[in-house]
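Each chain, written out:
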Amino acid sequence: MATLQTPADEVEARAIQDLLRPRVVLDEMGPPPGTGRVTGVDVAYDDERDVVVAAAVVLDAATLDVVAEATAVGRVTFPYVPGLLAFREIPTVLDALESLPVDPGLVVCDGYGQAHPRRLGLASHLGVLTGLPVIGVAKNPFTFSYEQPGSRRGDWSPLLDGEEVVGRALRTQDGVKPVFVSVGHRTGLDNACAHTLRLARDFRQPETTRRADALCRRALGEATA
């Protein structure tokens, strides 16, 4: 685990990423899909009021039933800079996770882990700070390239930064757009994709992300009413 550091500017933020990157654990498989608990985290913003709300929703990994949930309200303290979004989100996400009454198990971020220019997206950053196994499941490929996977659920193709594999484009439902899975911390890519498919039982996005997204939007509305 590492201490949360708040950067003063973009240069300091990148220096913090460089400091944390070597602490990412990439040689663990992670918990088996369908066991224990799995937690989705997401954030919503009101930029006019500089308010950010984070939600954490814990599901039973076998049934996908909600076990616990928590929200946290914070202030936006860092500007929007591609590649540095974690610094806008992590303080409030940590508050939401710490408010949970149960251990979160595997954490699923609506974003990136190793699929990041400096290999420290939100999922990796959060994993180093908490020590939890974390994966990233994003809606778009960020700056990376891929070929369309097959059209069936479970088909995938590598997500590439040049020739380096940084994740996978994974089809979670027949004929729908893929999601983009990357390792965050303390789990492997095969396992991350297996978790994603199990969580995306009925929809393109994992149920963890869907539940956390709905909760943080609702909480933002209440916080800014």
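The structure under discussion appears in the preceding block.
Calculation rules
Counting restarts for each chain, with residues numbered from 1 along the sequence as it is written. Whole-chain, interface and lining totals are the exception, using all residues; otherwise, since this is a predicted model, local features are given only for residues with pLDDT of at least 70 and side-chain atom pairs are given and counted only at 80 or more. Hydrogens and water molecules were not included; the side-chain quantities draw on all heavy atoms of the structure. Secondary structure elements are taken from DSSP: a helix is a run of H or I of four residues or more, a strand is a run of E of two residues or more, and numbering for both begins at the N terminus. Two things to know: the radius of gyration comes from C-alpha atoms, and the globule rule equals 2.2 Å times the number of residues to the power 0.38. Residue exposure (1.4 Å probe, protein chains only): buried if accessible area is under 20% of the type maximum, exposed if over 50%, otherwise partly exposed. Throughout, a residue-residue contact means that at least one pair of heavy atoms, one from each residue, lies within 4.5 Å. Per-residue and other accessible areas were derived by the Shrake-Rupley procedure at a 1.4 Å probe size, with only the shown protein chains allowed to occlude residues. Only four residue types enter the tally: Lys and Arg on the positive side, Asp and Glu on the negative side, with His and both chain ends excluded. Lys charges are placed at NZ, Arg charges at CZ, Asp charges at CG and Glu charges at CD. Space inside and on the surface of the protein is sampled on a 1 Å grid over the protein atoms alone, with a cavity defined as a set of points where a 1.4 Å probe fits but cannot get out and a pocket as an open set with protein on both sides within 12 Å along at least 5 of 7 lines; lining residues have an atom within 4 Å of a point. Grid points are joined across faces, edges and corners, and a volume is the space filled by probe spheres set on the points. Each residue gets one label: Ala, Val, Leu, Ile, Met, Phe, Trp, Tyr, Cys and Pro are nonpolar, Asp, Glu, Lys and Arg are charged, and the others, such as Gly, are polar. Here, a salt bridge means any side-chain nitrogen of Lys or Arg that lies within 4 Å of a carboxyl oxygen of Asp or Glu. The arc refers to the directions leading from the helix axis to the C-beta atoms. As used in this structure description, the phrase polar contact means that two N or O atoms lie within 3.5 Å; if the pair is within protein, one of them must be able to donate a hydrogen and the other to accept it, and residues adjacent in sequence are counted only when both atoms belong to side chains. Whether two strands pair depends on DSSP finding at least two bridges between them.

Undergrad: How would you explain the overall build of the chain if you had to name every residue and give the values?
TA: Along the chain, the regular secondary structure elements total five helices and eight strands. Counted from the first residue to the last, the chain has its helices and strands arranged as α-β-β-β-α-β-α-β-β-β-β-α-α. Taking 225 residues into account, the globule formula puts the C-alpha radius of gyration at 17 Å, and the chain, at 16 Å, falls close to it. Once the C-alpha set of the chain is aligned to its principal axes, its extents read approximately 45 × 40 × 30 Å. Going through the 225 residues of the chain one by one, you find that 54% of them count as buried. Sequence separation of 24 or more characterises 65% of the internal contacts of the chain that already satisfy a separation of 6 or more. When the accessible area of the chain is evaluated, it comes to approximately 10000 Å², of which 49% is carbon and sulfur surface. Across the chain, the 23 positively charged side chains and the 30 negatively charged ones have centroids separated by 4 Å.

Undergrad: Which residues make up empty space enclosed by the protein, and what values go with them?
TA: Evaluation of the coordinates by the stated rule reveals two cavities of 30 Å³ or more. Lining the largest cavity we find Leu4, Gln5, Thr6, Pro7, Thr77, Phe78, Ala86, Phe87, Ile90, Pro91 and His125. Sort the elements by how many residues they give to the lining of the largest cavity and helix α2 (residues 86–98) lands first, with four residues. For the lining of the largest cavity, the residue count by class is seven nonpolar, four polar and no charged. The computed volume of the second largest cavity comes to approximately 30 Å³. Along its surface, the second largest cavity is lined by Gly34, Val38, Ala61, His195, Arg198 and Leu199. Ranked by residue count, the leading element in the lining of the second largest cavity is helix α4 (residues 189–199), at three residues. For the lining of the second largest cavity, a count of residues per class yields three nonpolar, two polar and one charged.

Undergrad: If you had to explain the pattern of salt bridges to someone new, which residues and values would you point to?
TA: Side chains that differ in charge, positive against negative, can pair when their charged atoms come close. Summed over all chains, the structure comprises 14 salt bridges. For Asp46, the salt bridge identified is with Arg49, shortest N-O distance 2.6 Å. Of the residues examined, Asp46 reaches a relative accessible area of 12% and is grouped as buried. One network of salt bridges, in which partners are shared, links Arg119, Asp161 and Glu164.

Undergrad: Give a detailed account of helix α1 (residues 10–20), specifying residues and quantitative values.
TA: Restricting attention to buried positions, one finds in α1 the residues Ala13, Ile16, Gln17 and Leu20. Buried residues of α1 fall within an arc of 100° about the axis and therefore sit on the same side. In this structure, the buried residues of α1 make contact with α2 and α3 (122–130). Capping of α1 at its N-terminal end is provided by Asp9; its side-chain oxygen lies 3.3 Å from the backbone amide nitrogen of Val11.

Undergrad: Report on the pairing of strand β2 (residues 51–60), specifying residues and quantitative values.
TA: β2 sits mainly inside the fold: nine of its ten residues count as buried. As paired strands, strand β1 (residues 37–46) and β2 are joined by ten bridges and run antiparallel to one another. Bridge pairing in β2 places Asp46 opposite Val51. With antiparallel pairing between neighbouring strands as the criterion, β1 and β2 make up a hairpin whose turn holds four residues, including Asp50 at a positive phi of roughly 55°. Judged from the nine bridges that link them, β2 and strand β3 (residues 66–75) form a sheet pairing that is antiparallel. Bridge pairing links Val58 to Ala68 in β3.

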